[in-house]
Amino acid sequence: MGLGKTHTLDALSVGRLDHESGDAIVRLPVQVLIVKATGRGSYARTTPDRFGFPRLRRARTKQHFGYVTGDLVRAVVPIGKWAGTWTGRISVRAMGQHSLTTPAGRFNVRYRNLRLVQRGDGYGYAARQEPVESTSRKTG
């Protein structure tokens, strides 16, 4: 078909196309949605030591201050090293000092500085540009 060798274009080409009756791929994707399984937190309610015995008890609830591990949030940090607006996935803590993971790194942020963007559904979403290659079969 003269298409580049990417996973997305291979998946697009798998379907049945009858070229004699005029079936064709009329446009190629410019942007691709990337979905990654991230989980919904830990079910375990104890933290074991290196021998497997319970070392400490975790909180009985998974929700703290209205947030759950895996929620996508926007943080507006007023002062400090991480001052600015950040968007990322959080890991909740019972004391209200949640851990925010962003592409720039991980840092702690108070629940008062957070706004919910999307409830955690166990997946992480991102968009990626699909590389555009020449559709001609002619090589130079």
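Our subject is the structure listed above.
Let me begin by describing the structure that accompanies this report. Given the structure is predicted, the values throughout are model-derived calculations rather than measurements. (Residues numbered from 1 in each chain as written. Predicted model: local features only at pLDDT ≥ 70, side-chain atom pairs only at ≥ 80, totals over all residues. Heavy atoms only, no water.)

1. Observations concerning the packing of aromatic side chains
Link 1 in the chain: Using the criterion set out here, one finds 4 aromatic pairs in the structure.
Link 2 in the chain: A ring pair is formed by Trp 82 and Trp 86, whose centres lie 5.4 Å apart and whose planes are at 70 degrees; its orientation type is edge-to-face.
Link 3 in the chain: Its relative accessible area of 23% is what places Trp 82 among the partly exposed residues.
Link 4 in the chain: Using a relative accessible area of 22% as the deciding quantity, one classes Trp 86 as partly exposed.
Link 5 in the chain: Consider the rings of Trp 86 and Phe 107, whose centres lie 5.7 Å apart with planes at 65 degrees: the pair is edge-to-face. Taken together, the residues Trp 86 in strand S7 (residues 84–91) and Phe 107 in strand S9 (residues 105–110) connect sequence positions 21 residues apart.
Link 6 in the chain: One aromatic cluster in this structure is built from Trp 82, Trp 86 and Phe 107. (Phe/Tyr/Trp six-rings, centres within 6.5 Å; stacked < 30°, edge-to-face > 60°. Buried < 20%, exposed > 50% of the residue type's maximum accessible area, 1.4 Å probe, protein only. Helix = DSSP H or I, 4+ residues; strand = E, 2+ residues; numbered from the N terminus.)

2. Here's the deal with the pairing of strand S8 (residues 97–102)
Link 1 in the chain: Where S7 lies against S8, 3 bridges are found, and the strand directions are antiparallel. Bridge assignment links Ile 90 to a residue of S8, and that residue is Leu 100.
Link 2 in the chain: Joining the antiparallel neighbours S7 and S8 is a turn of 5 residues, in which Gly 96 adopts a positive phi near 95 degrees.
Link 3 in the chain: Taken together, the 6 bridges between S8 and S9 define a ladder with antiparallel strand orientation. Note on S9: the bridge partner recorded for His 98 is Val 109.
Link 4 in the chain: Hairpin geometry of S8 and S9 is characterised by an intervening segment of 2 residues between the two adjacent antiparallel strands. (Pairing = 2+ DSSP bridges.)

Spatial relationships are all this shows, so hold off on functional conclusions.
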